[in-house]
Amino acid sequence: GTKQLRRDDIGGGGPPPDEVNDGAEIEAFLDEYVAQLLDQIFALLEALEEPPKKNKSSSGASSAPTLSSFIFSVAMENLFGAVPRSVVQAAAERTVRQVSGAAKMNALKFYGALVRILSAASNDPLDLPRSTEASHSVFIPVLLNQIVEESSDLGQTMDLSVDRTASVTSDGDSSSSVMVRSVSFSKPRFVIALASLSEVELVWRFRMLAQACRTWNDLLPYYERILDAVRLAMHHPNRGVYKAGGRLLRGLLEGLTSTRMSFGTGSELSSEGLDGSSYNFEWRTPKESEWEAAATVIHAMLSEAELLTFGKKLDAAEGRLTNFEPVYGSMKNSVIVDRDKLFNALRIIHACQRGGRWIMAGAVADAMRAAASDPERHGFLSAKLISSMPVVSGVAGEFDPSTAKLLWGRAYALASVICEAVVTCRPDDGVLLYRALEPFELAHEPFRRSSQGRMTVHAARGYKAAYRPVIAVKMNFNADGGVGRGMPRFIKKLRLEALQDLRLGLTARGGMANEDLFDRIMSQMTMLSLNDFPVVRSEARGILTRGLRVAPMWMRRREISRVIEELQSAAETVGKGSSDAREVDGAASGASKHADKGPIMNGKENGEPSNSAVSTATRAGGTKVTKEVNYERLMGAADVLRSSASSPYIMREWGLFSLIGRSISRSMLAAERADAAFIVGSLFTKLAALARPLGLNTLSLFSGCIEDEAAHFSNDSFQLSREKSIHTVEDASRNHSRRMYDSLNKFLIEEAGIADLAPAEDSESALESPANETQWRLQSLVATMFYIGMRSDLPPPAPVSRFFALSVASEVIALRQVAVKSVALALVLSERRRVLQPGCEEQEDELVRVVKSVLCAPAFMKRFIHKLALDQADELASEGYSDNGYSDSVFAGLSMMSLAKNVDGDACWALVGGRPWPSSWIPRSRDTLGITRVRLFETLAFSLGPSIVYVVDPFIAQLVNEVEEFSGVTADTCRVIAAELVSGICRGLRVPGDSPQISRDGTQLVVGSVAEKLVEWVDLVLDAFSGHEGMVNGGTLLRLIASSDVEGTIGKSIGVYLRNRSISSTPLLDVNAPAHVLAKKLRYMHALVADADPQDDKSAAHMAGVVSIALCSSNDLYSHPLKHVREEIARCLSLFSSFVTAAAIENFLSASTMVATQLEAQSLQLDSSVLANAASTGIGAATDSAVGSNADAASASTVDTPTLLSADAVEEAKKHRSRGGETLSRWISVVHWNGDTSNFAQFLPVLLPSLFASLDDSDPERISHARLALSLASQAKFSANVLKMIVEVCEAAANSSKWKVRGSVLPFAQVLAFSRLFTAPSEILHRIRMIIVRLLQDEQLEVREAAAHTLVPIVRDAPQETIVEIREMMVKLVIDTEHAFVSKSRRRKKKQAAESEKGTTKVVDPRVMLERHSAVLGLSSMVMSSPYDVTDWMPSVLMELARCINNPAPINASVRRLFAEFWRTHRDEWQTHKLKFNEEEREVVSELLISPSYYA
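Describe the overall build of the protein chain, listing the residues and the values that go with them.
Broken down by element type, the protein chain carries 65 helices and 11 strands. Going through the 1496 residues of the protein chain one by one, you find that 52% of them count as buried. Residue pairs in contact within the protein chain that sit at least 24 positions apart in sequence constitute 78% of those at least 6 positions apart. Counting only carbon and sulfur atoms, one obtains 52% of the accessible surface of the protein chain, whose full area is about 67,200 Å².

Go over the pattern of salt bridges, please, and point to the residues and values.
The full count for this structure, using the stated rule, is 54 salt bridges. Across the pair R633 and E566 runs a salt bridge whose closest N-O atoms are separated by 3.1 Å. Separated by 67 residues along the polypeptide, R633 in helix α26 (residues 631–641) and E566 in helix α24 (residues 553–570) bring together distant segments of the chain. Through salt bridges with shared partners, one network takes in R1126, E1127, E1222, R1226, D1259 and R1262.

Just give me the short version of the packing of aromatic side chains, but keep the residues and values in it.
Evaluation of the coordinates by the stated rule reveals 18 aromatic pairs. Taken together, a centroid distance of 6.1 Å and an interplanar angle of 40 degrees make the contact between F864 and F937 tilted. In this pair, F864 is assigned in helix α35 (residues 858–875) and F937 in helix α39 (residues 931–944), connecting sequence segments 73 residues apart. F864 gets classed as buried once you look at its relative accessible area, which sits at 1%. Each member of the aromatic cluster is reached from another via a ring pair, and the members are F1148, W1227, F1240 and F1243. Looking at K104, its charged tip hangs above the ring of Y111, at a distance of 5.9 Å from the centre. Sitting over the ring of F942, R990 keeps its end group 3.7 Å from the ring centre.

Go over the nonpolar core, please, and point to the residues and values.
Among the nonpolar cores identified, the biggest contains 392 residues, and F80, F864 and W1227 are the most heavily contacted of them. With 13 residues, the top contributor of residues to this core is helix α16 (residues 401–425).

Give a description of helix α22 (residues 515–528) that names residues and reports values.
Helix length check: α22, at 14 residues, gives a terminal C-alpha distance of 20 Å against a target of 20 Å (1.5 Å per residue), a fit within 8%. In terms of burial, α22 is a largely internal element, 11 of the 14 residues being buried. L517, F518, D519, R520, I521, M522, S523, Q524, M525, T526 and L528 are the residues of α22 that are buried. Buried positions along α22 lie against α12 (325–330), α16, α17 (430–436), α23 (534–550) and α24.

Kindly report on the packing of α23 against α26, identifying the contributing residues and their values.
Helix-helix packing is described using two parameters, namely the angle between the two axes and the distance between the axes. Taken N-terminus to C-terminus, the directions of α23 and α26 make an angle of 30 degrees; their axes are 10 Å apart at the nearest point. On the basis of their axis angle, the class for α23 and α26 is roughly parallel. Here α23 runs over α26; the crossing is right-handed. When α23 is examined against α26, the residues R537, R541, L544 and T545 are found in contact with a partner set consisting of E632, M635, G636, D639 and V640. Split into classes, the residues belonging to the contact of α23 with α26 amount to three nonpolar, two polar and four charged.

Lay out the confidence of the model for the protein chain with the relevant residues and their values.
Per-chain confidence: the protein chain averages 74 in pLDDT, with 69% of residues scoring 70 or above. Low pLDDT, under 50, characterises residues 269–279; the predicted model gives this stretch 20 contacts beyond four residues in sequence or across chains.

Let's hear about the environment of S262: which residues, and what values?
Tracing the backbone shows S262 in the loop between β4 (260–261) and β5 (267–268). Along the backbone, S262 and A120 are 142 residues apart, and their C-alpha atoms lie at a distance of 7.9 Å.

Quick one: what's the story with a negative patch on the surface, residue by residue and with numbers?
On the surface, E1479, E1480, E1483 and E1487 cluster together into a negatively charged patch. Residue placement: E1479 occurs in helix α65 (residues 1479–1489).

I'd like to hear about the side chain of S1426, residue by residue, with values.
Within the fold, S1426 resides in the loop between α61 (1406–1424) and α62 (1434–1442). The buried category is assigned to S1426, whose relative accessible area is 16%. Once residues within four sequence positions are removed from consideration, S1426 is found in contact with T1431, M1434 and H1466.

Summarise the side chain of D1091; cite the residues concerned and give the values.
Among the structural elements, D1091 can be located in the loop between α45 (1075–1089) and α46 (1098–1113). A polar contact is formed between the side chain of D1091 and the side chain of R1039, at a distance of 2.8 Å. Here D1091 is in contact with W917, P918, S919, S920, R1039 and S1043, once residues within four sequence places are set aside.

I'd love a proper account of α45, names of residues and values included.
With 15 residues, α45 ought to run about 21 Å at 1.5 Å a step, and its terminal C-alpha atoms sit 22 Å apart, in line with that. Restricting attention to buried positions, one finds in α45 the residues L1078, A1079, K1080, L1082, R1083, Y1084, M1085, H1086, A1087, L1088 and V1089. In the core, the buried residues of α45 are packed alongside α42 (1010–1024), α43 (1027–1042), α44 (1051–1063), α46, α47 (1115–1118) and α48 (1123–1136).

Run through the environment of V800, naming residues and quoting values.
With respect to the secondary-structure elements, V800 resides in helix α32 (residues 798–807). Along the sequence, V800 and Y787 sit 13 residues apart, while their C-alpha atoms lie 9.9 Å from each other. Leaving out residues up to four positions away in the same chain, V800 has contacts with I749 and F786.

Tell me about the packing of helix α33 (residues 813–836) against α39, and name the residues and values.
Their axes nearest at 10 Å, the elements α33 and α39 cross at an angle of 45 degrees. Classified by the angle their axes make, α33 and α39 are oblique. For α33 against α39, the interelement crossing comes out left-handed. Every residue of α39 that contacts α33 at V820, K821, V823, A824, L827, V828 and E831 is listed here: T932, L936, T939, L940, F942 and S943.

Just give me the short version of unusual backbone geometry, but keep the residues and values in it.
Residue P1067 follows T1066 across a cis peptide bond; omega there is -10 degrees. Turning to its location among the elements, P1067 is positioned in the loop between α44 and α45. The peptide bond linking A1449 to P1450 adopts the cis configuration, its omega dihedral lying at 5 degrees. Take P1450: it is sitting in the loop between α62 and α63 (1451–1466).

I'd love a proper account of the environment of S1229, names of residues and values included.
Examined against the element boundaries, S1229 turns out to sit in helix α51 (residues 1207–1234). Judged by its relative accessible area of 10%, S1229 falls in the buried class. Separated by 40 residues in the primary sequence, S1229 and A1269 place their C-alpha atoms 4.6 Å from one another. At 2.8 Å, the side chain of S1229 and the backbone oxygen of S1225 are in polar contact.

Rules used in this analysis
- Residues numbered from 1 in each chain as written.
- Predicted model: local features only at pLDDT ≥ 70, side-chain atom pairs only at ≥ 80, totals over all residues.
- Heavy atoms only, no water.
- Helix = DSSP H or I, 4+ residues; strand = E, 2+ residues; numbered from the N terminus.
- Buried < 20%, exposed > 50% of the residue type's maximum accessible area, 1.4 Å probe, protein only.
- Contact = heavy atoms within 4.5 Å.
- Areas by Shrake-Rupley, 256 points an atom, 1.4 Å probe, with all protein chains shown as cover.
- Salt bridge = Lys/Arg side-chain N within 4 Å of Asp/Glu carboxyl O.
- Phe/Tyr/Trp six-rings, centres within 6.5 Å; stacked < 30°, edge-to-face > 60°.
- Lys NZ or Arg CZ within 6 Å of the ring centre and 35° of its normal.
- Core = buried A, V, L, I, M, F, W, Y, C linked by side-chain atoms within 4.5 Å.
- Expected span 1.5 Å × (residues − 1).
- Axes fitted to C-alpha atoms, helices over the stretch in contact; angles between N-to-C directions.
- Parallel < 35°, antiparallel > 145°, perpendicular 65-115°, else oblique.
- Left-handed = near helix turned anticlockwise from the far one by under 90°.
- Nonpolar A, V, L, I, M, F, W, Y, C, P; charged D, E, K, R; others polar.
- pLDDT = per-residue confidence, 0-100.
- Patch = residues over 30% accessible without salt bridge, like charges linked within 9 Å, V, L, I, M, F, W, Y side chains within 5 Å.
- Lys, Arg positive; Asp, Glu negative; His and termini not counted.
- Charge placed at Lys NZ, Arg CZ, Asp CG, Glu CD.
- Polar contact = N/O pair within 3.5 Å; in protein donor to acceptor, adjacent residues only side chain to side chain.

Here is the structure:
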């Protein structure tokens, strides 16, 4: 308000005197408040500990207070943006007095933020117009005078250079030096020097002055003196002082050139802006004179850096150059490699770059500038690339492009020359090398991760997460706004500043404008990223990888190729089997000479690798290494290649992939040192994680379009099939990729020594694994490279295919794991190529023939199965062996791409294709089968055909019956492997169409057929399984077979046969069979139909109907004594109820009716027997379960007269009925938990009465099951007819003779009504309410109280007329029953006591007592339906209830509970609520609510 007031004053007229006085009082108050606040802040900052230095963490506990610099900055900016200008000026003066005192290095960052904010706030152009008085800074003159001293003329004139002279102190000591410089101006000559302060005090004042310069709007009056101070500081011998001088130079340039928002939080717009923002921020744009001053400062300071670097400055002619790179290049031999001087020079260059990034932001390519000015593309580029909004000074640069390019080129050319000189002359000086890299980080600053000091940018970008609730409140409903809509103003400002910094960084990519210089820097960074010093490598790697992101593609490829060559040469070791080392080194160096702009790498065009530059660490048959590995260079190259700027590009480009394929195996073999092995292994992991079949297919033109079989398009249907003609277009890139692919395979084949793996006919030795003790690691790496480089358009060469096939039975765990994945992937891609690439059948047949010749040899197949069993044992932590974690560490990349040995389920299906398994809503059981191995054998059977059946046949029996044939493997593991084999082969085996396997009706097997053999396998494995785990594994085996969805395979037919066979046995389910046998058979029946389609699978629907009738028709089976069998029955019935064919629905309805009839008959028999036994024993009082049993018998018209049981048989009959109720509860719970409730709803009215009756049980666990089933069933989806029948069942259950059954209706009815509040007809809802109201008059107290609790939400959601009707009915009932009760007032206590002694007390009719209690409970429910309000009708109702306070129990207890609850919910607002009562009502209610005083 004060700021708006001041702006009105400026516009003229002025406010009224009263407003002026008010404003003065406010300003005086704020001035005093801010002064006290600053005193508290200064005291807090004094107590802070000095923060740890960069990249170092503090150690030990501390009691000093801590403070967030980000929170402090935001708080101060918000504070001083809201107070008047006079308050800001006063605060600035107090602060300048504080910072002018002793240095406070412990709170340097906080004082700097305070100075920066106050400097910006004290010259806000929105407050007052710019004037001479307003433009004077509070901080800059004071701090400058403390830093720089002026003295009289020394009698000599000096140029602008700085001489080092010794200052003579009073005692003649010249140990401390002071920088003295004489400047010639038009005014009389004077001498300036740094003040005689300690180094700490100088650093403090330089840092404070730098912060003040950053945000002051008019630095032209001060910049010459500030520049003098910078020059003096940069030549100071102390490191801290010249570093502070560099920060002052950065602050000076930032103050002159920064395009920034004016101080404050902006003003709120009257209407929303075009970009969706709600606030407006004024932007401060530098003037032309400020740009020129900044350019002058940069040129002057770079001249100082030249003086320190070369010992001289460029002359006037050279100073007018437009390209400094050739000049600096000619002077590179003149660089003075002096540590201190180069440190100073590098600090100057870095400060010019950091502070002058606004002026260098124009150094962009002409193409980008043209694109930015294109009106058609401007919108895209503004948002995605340049982000020019809301900057007003230009879309592609802040300053003149030619000047920006000149400044960028001069700064980086000088830094490049210094770096080259340091590398040449001082390669062992790690500190100097590290400092030489410092100026190169700026060009790609936006790509750096922000440190803790840059948390402002983090907060600005993450405002949505932090301020989401605030934004949600400010957002209109369903409003479409732009970025930052409705966010707090200061967060909006921070975000816009972050966008501006990002724009500057993107446009400051000077390499796009000076390609030659950028090329030179990239080459230098590539070599330095391989340096022996880790810190130098790390810094250079960061610069290089950030540069690769913006470098041209040819440059990126070239630098990555160089690093790959360096990786190989660093690991180069020569043995007997390789060429001479000099030849290798010469080839490698020759290759690097040709790595220029074009696509020439390794001495050949188009990136084709050169075989002459390759040697091996340990070739097949070779000896160990004879040349030492350069570990530092090896680690540096691996670090660069595993970065996100290199690795994805390598795995997408065949030229680079072929190079890395040659280098990675050699480097991994050579890296024996732990740290090098870890880094190279991480590189391999990263590349493996990015692996995918590289589809470099030729362009395919299809005649027509792809036909969607489900849609059946009639016109121009396009189909992907072999009949359609496919035209391929050969191009140079495909041929080039093919040559590189073949060259890489040839190299890897030679590297692994598998070139001689030619097939040998009928030779058992030819099927031995190629691995041996000396070659296992090499061949594992080569196999992985083969796998990563597998292509989708070309089959692997025959030696590679044979190598993979032989390696699946290798003794090396890592090798065989990769080989198994590779064989599966190769066969799957082969089948796809047969469809997509007609004409390639010959090559694909060759691949299958090679794999078949190896795997279909009996001895090799047995060894292969043995190795799979060992791997399974290792995974299950049973007896076996491991590779000490080698495969888990080296091949961790395969885990990342969901192809590792432990990956199961959906991931392995993603590799091969098809639907995930399980493919239905039935979850997979906790079996131990490995789906990856099932998929492997499915793929092998699909490609190799029936021959695999006859090869595997003898080993299935051995796995089951002769476990000793597979040493090191347990019997359980052998059975699991057998199940995986059988299920995989059944799912994937294709049989010729002219070879019948099963009869048309699916009930008979053809004798001698493959199907007969497969069924024998299934029976053998199922018989071998035992125990619960065996039952689960057997069920999974049958599920896998029956759910086979591969077209043309035999699995689905075998599943149909097994279904028909299972329901044709006699008897279908033997009640007298052992429990585990019965449970296993039920689990297998469930598995055979678990994944079937409920709508179309007729055989599964037929089986479901038959088994359902069998389960429900037998009373002993349905109520089986064993809990495990009952669980399996419930599982089967829940699944069978999902089939929707007409026959299945009819069969299941009959089964449900059977269950309901049996349970009802058992309940009736129990009730009659209990009543008869009680009468025969002379017991007068029958139990509640026997009361009204005749009524139940009359209602059960479909049940015959029950046979009475003896007393001994009653207990067994109760247990039998209880077990049947538990089965029903589990059945309904499973259906509603994860089943098809829409189809089951039609059976629920039949089963619901028995479910209600199941609550009349003494077993708490079974009662809990029944309650869960009722809760889930009440939330199911019902049609209108089903809902009507369910309400009728509830009404009948509410009239049951058993109070537990009546009580169970209440929670069911409550959820039923609530879940259908907006969908059910009003008649249905009214009937549900009346059920609850009638149960208020139940004979059992527990039922009445439960009905009262249920009525509360029901009344709250009921229509108004229903509420009035119920209330009037309850009030009338209270009034009608009042005559039967005598009030127990204090006056009549003695009389009532006397009558009680005489025995003349009036006895209340129990029926009247019941009616009155029900009315009290009903009215209590209505009162509690409005817990925090007092409606108009509530006082009269409370009066009626108050009259019942002295009635007999349980009426009085219910009334007292009501008033206690009423007081609890209405106490806080009682002063308001009591106004709804008249005086008499308040007195009565207060007497009941508030306890009387002791003195009352």
